[in-house]
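Now for the letters of each chain:
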Amino acid sequence: MDRLTILHISDLHIRTGEEFEYDRSAVLGTMLERIEKDRHEKGIEPELVVVTGDIAFQGMKEEYDLAEEFFTDLRKTLDLHRENVFLVPGNHDVNRKSYRPRDIPSYDTVEELNEELGDPDYREDLLKGMVGYFEFVESEYAHLSPIKDRLIPFIHRKTVQCGKTVEIIGLNSAWMCRKSPDEKTIAIGEVQAKTAFDKAEKEDRPGLRIFMLHHPQQWLWPKDRKRCRRFFNGAVVFCGHMHEPEGSNLHDQDGNYCQFQAGAAYITRKKKWPSRYQYLTV
């Protein structure tokens, strides 16, 4: 059967410190047990794992070392290769101590934003708080190598077991994150979305196109969201951030796309949100 099952997890919030070690292992350990049970008792066999950001808590190397321990256990549980795991950054993957407190990007027009994000020197400064994330990905997940000086987290094509071609495009929606709350003040950047789309369009149309980013569309700066909207047409979009699961099919005069938002895999056991993960079968 032409079927693909994807495991979608988000918002791991991995942090260091003995006070979090037991709490984290209790929640994520139980998650791995549940996923193993899903596989062996329910026959759920995901081929791909998509992780939509907030892997770390403060974007620090030590946090990514702990995260990789979890990802290693997850791959063993699912009997999957490293190349079947896909990651994008979230707001917690930004080390905010890398910036001055008042160093908060703000733009009047989309053109101003595109000019800064599109310039390699400006972009290096804008992304300096995400060095920990990118170094982790570049060292552990070579198939997710960033494109154009880290403007685009990755573009990857894969033939899945049913023979279909799946194209997965990772986008960075967290590069402007400096403060909370930041609803409707952050952006993907049309220059990022268009560059990724144009590069992908040079290949034959895939059987399924997937976009991954941390923030749901409704969280983004409206001017940028309107500009980027057309690139998602006909795709499946995975996101997180809200700590609540949600799915929707947007169909308007510009086309349509499906958006699936995952709940948080782990915050701490004391928070109001339950720990969640989800599957999508296409």
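Residues numbered from 1 in each chain as written. Predicted model: local features only at pLDDT ≥ 70, side-chain atom pairs only at ≥ 80, totals over all residues. Heavy atoms only, no water.

**As for the overall build of the protein**
If you tally the helices and strands in the protein, you get 7 helices and 10 strands. Its C-alpha radius of gyration of 18 Å places the protein within 12% of the 19 Å reference for a compact globule of 282 residues. Counting over 282 residues, the protein shows a buried share of 52%. Restricting to contacts in the protein with at least 6 residues of sequence separation, those with at least 24 account for 74%. (Helix = DSSP H or I, 4+ residues; strand = E, 2+ residues; numbered from the N terminus. Rg over C-alpha atoms; globule rule 2.2 N^0.38 Å. Buried < 20%, exposed > 50% of the residue type's maximum accessible area, 1.4 Å probe, protein only. Contact = heavy atoms within 4.5 Å.)

**Brief notes about the nonpolar core**
In this structure, Phe70, Phe71, Leu74, Leu87, Trp175, Ile210 and Met212 are the most contacted members of the largest nonpolar core, which totals 82 residues. With residues near it in sequence (within four places) discarded, phenylalanine 70 still touches Ile9, Leu12, Leu28, Met31 and Leu32. (Core = buried A, V, L, I, M, F, W, Y, C linked by side-chain atoms within 4.5 Å.)

**Focus: the side chain of glutamate 167**
With respect to the helices and strands, the residue glutamate 167 is situated in strand 5 (residues 165-170). The exposure class of glutamate 167 is buried, given its relative accessible area of 1%. A polar contact is formed between the side chain of glutamate 167 and the side chain of arginine 209, at a distance of 2.5 Å. Leaving out residues up to four positions away in the same chain, glutamate 167 has contacts with His156, Arg157, Ala200, Pro206, Leu208, Arg209 and Ile210. (Polar contact = N/O pair within 3.5 Å; in protein donor to acceptor, adjacent residues only side chain to side chain.)

**Some remarks on the sheet that holds strand 9 (residues 255-261)**
Reading across the sheet, the 6 strands line up as 4-5-6-7-9-8 and stay open at both edges, with mixed pairing between neighbours. Edge positions in the sheet fall to strand 4 (154-159) and strand 8 (246-252), since each of these pairs with one other strand and no more. Neighbouring strand axes in the sheet, compared pairwise and without regard to direction, differ in orientation by 20° on average. Bridge analysis of strand 7 (residues 236-239) against strand 9 gives 4 bridges, and the strand direction is parallel. Looking at strand 9, one finds that cysteine 239 is bridged to glutamine 261. (Pairing = 2+ DSSP bridges. Axes fitted to C-alpha atoms, helices over the stretch in contact; angles between N-to-C directions.)

**A look at the packing of aromatic side chains**
Inspection of the entire model under this criterion finds 12 aromatic pairs. Relative to tyrosine 279, the ring of tyrosine 277 lies with its centre 5.7 Å away and its plane at 90°, an arrangement referred to as edge-to-face. The partly exposed category is assigned to tyrosine 277, whose relative accessible area is 21%. In this structure an aromatic cluster arises from ring pairing among Tyr64, Phe70, Phe71, Tyr133, Phe134, Phe136 and Tyr141. In this structure, arginine 15 is placed above the aromatic ring of phenylalanine 20, and the distance from its NZ or CZ to the ring centre is 4.2 Å. The ring of phenylalanine 57 has arginine 15 lying over it, and the distance from NZ or CZ to the ring centre is 3.6 Å. (Phe/Tyr/Trp six-rings, centres within 6.5 Å; stacked < 30°, edge-to-face > 60°. Lys NZ or Arg CZ within 6 Å of the ring centre and 35° of its normal.)

**So, the sheet that holds strand 2 (residues 48-52)**
Across the sheet, which stays open at both edges, the 4 strands sit in the order 3-2-1-10 with mixed pairing between neighbours. Single-partner strands in this sheet number two, and they are strand 3 (85-88) and strand 10 (278-281). Pairs of neighbouring strands in the sheet enclose a mean axial angle of 20°, with direction left out of account. Looking at chain direction, strand 1 (residues 5-9) and strand 10 are connected through 4 bridges and run antiparallel. Bridge pairing links leucine 7 to tyrosine 279 in strand 10. Set on the sheet, helix 2 (residues 61-78) makes contact with strand 1, strand 2 and strand 3; between it and strand 1 the angle comes to about 155°.

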